[in-house]
Amino acid sequence: MLLNHKLTDEIKTEQVVIIHGLFGSMQNWSIISKELSKTHQVLLIDCRNHGKSFHDDSMSYHEMARDIIELMDHLSIPKASLIGHSMGGKIAMALSQIKPDRITKQIIIDIAPKKYPNHHTSIINALQAIHLENFTSRSAVSETLKSDIPNEGLRQFLIKNIHPKQPLKWEINLDAIAQNYSDIMDWPQQFNNESLIDTLFIRGSESNYITNSDTSLINQIFKHSQIKDISASHWVHAEKPVETIEIIKSFI
């Protein structure tokens, strides 16, 4: 099965693949993809169990990376630069280990090649506890989630995963995400081989996803890497799209 995707119409000699994070979709990258499409052909994707892509019980990084390779093969894209945020950044790093010859450069946004604590468990539990058949609008769901998820920006991000027409339903595969969550937060040691791909890590300076102590690990795996900071939280591209675009364009 192929991932749901959107490929910009412009015929360009360079391609970019954008990979969203956990609970995200290609829709989160519309502003940045529009700007990048001026110089590159941009491939936007919904990862498995996200957006309008297929649902599957398994979500290993090897499988999610292979999903993108299969899509690139289907679209006759021999080589591309990768942009990945959070979970999408881990997918990009896994892909560059599996098929380095298919990657021109990669931009990893606010994630390191390491295991993270399971800090989304309360969010997953809150979403699973919602019975969408009892609601008529996304806003009503958001109001109900307020006690468990007080951050309004996060709630608005999460409820975008609800198909807005009646009857309401989740587009994400919550059960599969919950089942595979520990693996999503982990990082397979098989992907710690040295990589010579030009790699840029963009770090949110107000985020703790990439710490100073992670620098040696990053440099150990990605020999041609650099780290740039943007004054933002983990959602770097959403909070500072202009700065993110400038850094991406100067790198690719």
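Residues numbered from 1 in each chain as written. Predicted model: local features only at pLDDT ≥ 70, side-chain atom pairs only at ≥ 80, totals over all residues. Heavy atoms only, no water.

Enquirer: Just checking my understanding: could you explain the packing of helix α5 (residues 138-145) against helix α6 (residues 152-159) for this structure?
Expert: What describes two packed helices is the angle between their axes and the distance between those same axes. One can describe the packing of α5 onto α6 by two numbers: an axis separation of 10 Å at closest approach and a directional angle of 135°. If you check the angle between α5 and α6, you find them oblique. Classified by chirality, the crossing of α6 by α5 is right-handed. Along the contact surface, α5 presents Arg138, Val141, Ser142 and Leu145, while α6 presents Arg155, Gln156 and Ile159. Among the residues making up the contact of α5 with α6, the classes are represented as three nonpolar, two polar and two charged. (Axes fitted to C-alpha atoms, helices over the stretch in contact; angles between N-to-C directions. Helix = DSSP H or I, 4+ residues; strand = E, 2+ residues; numbered from the N terminus. Parallel < 35°, antiparallel > 145°, perpendicular 65-115°, else oblique. Left-handed = near helix turned anticlockwise from the far one by under 90°. Contact = heavy atoms within 4.5 Å. Nonpolar A, V, L, I, M, F, W, Y, C, P; charged D, E, K, R; others polar.)

Enquirer: What's the story with α6 in this structure? I'm lost.
Expert: Each α-helix winds once per 3.6 residues, and so residues spaced three or four apart point in a common direction. If you check which residues of α6 are buried, you get Arg155, Phe157, Leu158 and Ile159. Structurally, α6 contributes buried residues whose contacts are with α4 (121-129), α5, β6 (162-163) and β7 (169-170). Where α6 starts, the residue carrying a side-chain oxygen 3.0 Å from the main-chain nitrogen of Gly153 turns out to be Asn151. (Buried < 20%, exposed > 50% of the residue type's maximum accessible area, 1.4 Å probe, protein only. Polar contact = N/O pair within 3.5 Å; in protein donor to acceptor, adjacent residues only side chain to side chain.)

Enquirer: Quick question: what am I supposed to make of helix α10 (residues 241-251) here?
Expert: Every buried residue of α10 is listed here: Thr244, Ile245, Ile247, Ile248 and Phe251. One side of α10 carries all its buried residues, which in axial view fall inside an arc of 165°. Across from the buried face of α10, at angles greater than 90 degrees, the exposed residues are Val242, Glu246 and Ser250. Where α10 is buried, its residues meet α1 (30-36), β4 (80-85), β5 (103-109), β8 (198-204), β9 (225-230) and α9 (236-239). (Arc of directions from axis to C-beta.)

Enquirer: For this particular structure, what's the right way to read the nonpolar core?
Expert: One broad rule of soluble globular proteins: the nonpolar side chains tend to lie buried together. Residues Phe23, Ile68, Met87, Ile91, Leu127 and Val141 are the most contacted members of the largest nonpolar core, which totals 62 residues. The element that contributes the greatest number of residues to this core is helix α2 (residues 61-74), accounting for seven residues. Formed by 20 residues, the second largest nonpolar core is a distinct cluster that contains Ile18, Ile107, Ile109 and Ile247. (Core = buried A, V, L, I, M, F, W, Y, C linked by side-chain atoms within 4.5 Å.)

Enquirer: Hey, could you run me through the sheet that holds strand β2 (residues 15-19) in this one?
Expert: The strands that make up a sheet are held in pairs by hydrogen bonds between backbone atoms, and each pair lies either parallel or antiparallel. The seven strands are arranged β1-β3-β2-β4-β5-β8-β9 in an open sheet whose pairing can be described as mixed. Each having just a single partner strand, β1 (5-7) and β9 make up the two edges of the open sheet. The average angle at which neighbouring strand axes cross in this sheet is 15°, direction not considered. Of the pairings in the sheet, the one linking β1 to strand β3 (residues 41-45) comprises three bridges and is antiparallel in character. When the sheet's bridge partners are listed, His5 is paired in β3 with Ile45. Sheet strands touched by α2: β1, β2, β3 and β4. Its angle to β3, the strand with the most contacts, is close to 135°. Across the sheet, α10 lies against β4, β5, β8 and β9, angled at about 165° from β8, the strand it touches most. (Pairing = 2+ DSSP bridges.)

On their own, these measurements won't tell you what the molecule is for.
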